[in-house]
Each structure stands twice: as structure tokens, then as C-alpha cells.
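These are the residues of each chain, in order.
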Amino acid sequence: NQQARQVELDGLMVDEGVETTGFSGIYIPQSKTIDVSLAANHTDLRFLNTWTRTVFRELGGRATGNLRLFGSLPGLDMEGEAILEDGYFVQDAINSTFLIKHDTLWFEPGRMLFRDVEFYDEKGHDGIMTCILTHNKFKNWKVDLNADVADMLVYYQPRNEKSDIFASVYAEGSMNLKFDERNG
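Quick caveat, the model's predicted, so the values are computed rather than measured.

Rules of the game
Residues numbered from 1 in each chain as written. Predicted model: local features only at pLDDT ≥ 70, side-chain atom pairs only at ≥ 80, totals over all residues. Heavy atoms only, no water. Helix = DSSP H or I, 4+ residues; strand = E, 2+ residues; numbered from the N terminus. Buried < 20%, exposed > 50% of the residue type's maximum accessible area, 1.4 Å probe, protein only. Contact = heavy atoms within 4.5 Å. Salt bridge = Lys/Arg side-chain N within 4 Å of Asp/Glu carboxyl O.

Quick notes on the overall build of the protein
Point 1. What the protein contains, in helices and strands, is 1 helix and 10 strands.
Point 2. For the C-alpha atoms alone, the extent of the protein along its principal axes is close to 65 × 35 × 30 Å.
Point 3. Relative to its 184 residues, the protein shows a buried fraction of 37%.
Point 4. In the protein, of all internal contacts separated by at least 6 residues, the share reaching a separation of at least 24 is 40%.

Structure follows, in C-alpha cells:
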């Protein structure tokens, strides 16, 4: 739109018939401002690894819901909610993978939230967690995870050639895990 000096966006991204993500919004080149509504339908969340890799080795799953991506490039933010299916995150500090089969993921400016989510370790042991991930325009991530677990694998160090130290730690009870990208 030359008169408004903005690019109007309206389209559909398709991933081999598995997912679709509809989008509509605007991009203003002069200010590098973007405001886009996303209609996620089984959208692969691995795209978030671009920003979350500093606190999680990997984050993934599929999301269905309505989200809004906005801000001035490169400082973007997101809001909305989505149903998360087959979600997972891998945390380096404890070398563990946690799975979320089906729950809601909320995005608020500066935060991603999991509230009272049922989650599992790789061996199927379950727990309930609330996890708040805060950020400043997808930078300077902080994680505050509170969980009640039942015989869950909470730390894993496999046997390897470089060290004689190896361990699998299982826990029952309440745990709190806080870390940021600077202090691990």
C-alpha cells in the first residue's frame, strides 16, 4: 500500500500437508515495524529455537491457536494462546528432556506461560508444572519452573569415555528450577 507506506500481508504457509499457518497484517519498512496475526494449525514450534536456544537446547511441538507477532525488527514480541500437542523441551543444565502431550501455551508480551501443565520425563513419569519464561523482545531469557513430580528423572549424566562420573537422579516432591541465559 504505497499511500500508507506499508506492505500488507495476507497468506498461508503450508508444511507438506501437515500444518498450515495463516497470516495477515502489515510491515512498515520505514520503521521496520511488523504487526501480524497468525492462525496456527498444527504449526511446528521449532521456529522458536532461534530465540530460546540460550535457555533450552531444543523446544518443539505443534501449536494450534491464534497469535500476534508484533514490534520493531529485530525486537519482536508475541501474544495469544495456543493448544500445544506433542511438546517437548530439553534443558542442558540438568541434561533432561520433558514432554507435554496436550495443554495450553500462553504468550503475553515478554512472557511465555505454561500453567498447571501435566508433563512427563522420557520414561513416562509424570508431574504438574507451571513454567514462566520471561524475555525482553526474545532476548535475555529467564526461566522459572515450579513442579510437583512423582519419581521423575530430573538429572541425567550418561556414561562416556571422557568421565567416570555418570548419574540418573529421580525425584519425588516439589522442585523449583530457575535459570537465565547468562548464569545457566
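Section: the pattern of salt bridges
Point 1. If you walk through the whole model with that rule in mind, you get 7 salt bridges.
Point 2. Residue Glu108 is joined to Arg115 by a salt bridge in which the shortest nitrogen-to-oxygen separation is 3.5 Å.
Point 3. The exposure class of Arg115 is partly exposed, given its relative accessible area of 35%.
Point 4. A salt bridge links Lys178 to Asp144; its shortest N-O distance comes to 3.9 Å. Taken as a pair, Lys178 in strand S10 (residues 167-180) and Asp144 in strand S9 (residues 139-157) lie far apart in primary sequence, 34 residues in all.
Point 5. For Lys178, a relative accessible area of 58% puts it in the exposed group.
Point 6. Each of Asp35, Arg68 and Glu79 takes part in salt bridges that share partners, so that together they form one network.

Concerning unusual backbone geometry
Point 1. In this structure, Pro74 follows Leu73 across a cis peptide bond, with omega equal to 5°.
Point 2. On the secondary structure map, Pro74 appears in the loop between strand S4 (58-72) and strand S5 (75-91).
Point 3. Backbone geometry at Asp151 places phi at a positive 55°, although glycine is not the residue there.
Point 4. Inspection of the secondary structure puts Asp151 in strand S9.

Let's talk about the environment of Met13
Point 1. Checked against the element boundaries, Met13 lands in strand S1 (residues 7-15).
Point 2. Overall, Met13 belongs to the partly exposed group, its relative accessible area being 44%.
Point 3. Between the C-alpha atoms of Met13 and Ala39, which are 26 residues apart in sequence, the distance is 10 Å.
Point 4. When neighbours within four sequence positions are excluded, Met13 is seen to be in contact with Glu19, Thr20, Thr21 and Phe23.

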